[in-house]
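Examining the three-dimensional arrangement
What follows is the residue order along each chain.
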Amino acid sequence: MKPLQLLLSLSLLSSAALAADYSRVIFADDFSGEGFGKAWGHYKSSSVVKDGMLVGITAPTSDHSAVDNIRLEGERDLEVTVKFRFVSDKAKSFNVWFDDKNYKGSHAGHICQATISPTGVQVADAKTGGFDLANGLYDRKKANQLTEDEKKMLATKVQRFPAKLTLQDWHTLVVQTEGDEIRVSIDGQAVGSFKSPGINHDTKSLVSLTTNAIDVHYDDFSLKGVAKP
């Protein structure tokens, strides 16, 4: 093995060894029941449980993407696993959001997210990035009134990675937060990771699947926390 390859291998092994132990199941749903269970919450969602899966649907008249969520006691380090498939080219993307509705420093308590599309993955620090309410940043962003310095700062809060996901096929997504880092893997392969201060939020208490806009199916959803002593 060449020296550079050896160094990369050792680095990956070291990272794996230091990764959190997400062995504590907080919530799981295989959507085999009739409709949504009581644990699920919704915001402007027309999603349904049908044929053993969650069918994500944003109503054509809605002004917001369909949000289907699970509440939990606030925790810093979490792992979301979900199977998904894009059914047609009408399926633009979906998000896995980590929020804290008691946190008033960002719009809707948004902390961090991973966005999955057929062509790529985007991860973002929302708390200190594009949803930060401090000094009117979020409002200026919505109004397209950001300064050049603010645009440059916000660009440091987002990381994008290429991907190629076939339509109709099921894929398995894993999103982990650990300290100030968010990591994404698909079908057992690491896609990318990103570190930013806002991710290191101690009380992430709402995890959501947000469907943009239709034709995304989900199955075998699980939410885990790190092992406790």
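Residues numbered from 1 in each chain as written. Predicted model: local features only at pLDDT ≥ 70, side-chain atom pairs only at ≥ 80, totals over all residues. Heavy atoms only, no water.

So, the overall build of the protein
The condition that has to hold: Starting at the N terminus, helices and strands are each numbered in turn, a helix being any DSSP run of H or I of at least four residues and a strand any DSSP run of E of at least two. For the radius of gyration, the atoms used are the C-alpha atoms, and the globule rule reads 2.2 Å times the number of residues raised to 0.38. Relative accessibility thresholds used throughout: buried, under 20% of the residue-type maximum; exposed, over 50%; partly exposed, between the two (1.4 Å probe, protein chains only). Contacts between residues were defined by any pair of non-hydrogen atoms, one from each residue, lying within 4.5 Å. Per-residue accessibility takes into account occlusion by the displayed protein chains alone, with areas from the Shrake-Rupley method and a 1.4 Å probe. We treat Lys and Arg as the positive residues and Asp and Glu as the negative residues; His and chain ends play no part in the count. A charged residue contributes its charge at one atom only: NZ of Lys, CZ of Arg, CG of Asp or CD of Glu.
The helix and strand inventory of the protein stands at three helices and 15 strands. A compact globule built from 229 residues would reach a C-alpha radius of gyration of about 17 Å, and the protein, at 18 Å, matches this within 12%. Overall size of the protein, expressed as C-alpha extent along the three principal axes, is 55 × 45 × 40 Å. A buried classification covers 45% of the 229 residues belonging to the protein. Put simply, of all contacts in the protein between residues at least 6 apart along the chain, 69% involve residues at least 24 apart. Accessible area of the protein: about 12,000 Å², with a carbon and sulfur share of 53%. Here the protein contributes 27 positively and 29 negatively charged side chains, and the mean placements of these two sets differ by 4 Å.

Quick notes on the environment of Gly-120
As for its position among the elements, Gly-120 is in strand E9 (residues 120-125). Spatially, the C-alpha atom of Gly-120 lies 4.2 Å from that of Ala-163, the residues being 43 residues apart in sequence. If near-sequence neighbours (up to four positions away) are discounted, Gly-120 is found in contact with Thr-115, Phe-161, Pro-162 and Ala-163.

A short note on the sheet that holds strand E8 (residues 110-117)
Note the following rule: Only when DSSP finds a minimum of two bridges between them are two strands counted as paired. Orientation is described by lines fitted to C-alpha atoms, with helices fitted over the stretch in contact, and by angles between N-to-C directions that extend from 0 to 180 degrees.
Read from one edge to the other, the open sheet built from seven strands follows the order E2-E5-E14-E7-E8-E9-E10, with strand pairing classed as antiparallel. Lying at the two open borders of the sheet, with one neighbouring strand each, are strand E2 (40-43) and strand E10 (158-162). Neighbour to neighbour, the strand axes of the sheet diverge by 20° on average, direction disregarded. Note that E8 and E9 share six bridges and pair antiparallel. The residue bridging Cys-112 from the neighbouring strand is Asp-125, located in E9.

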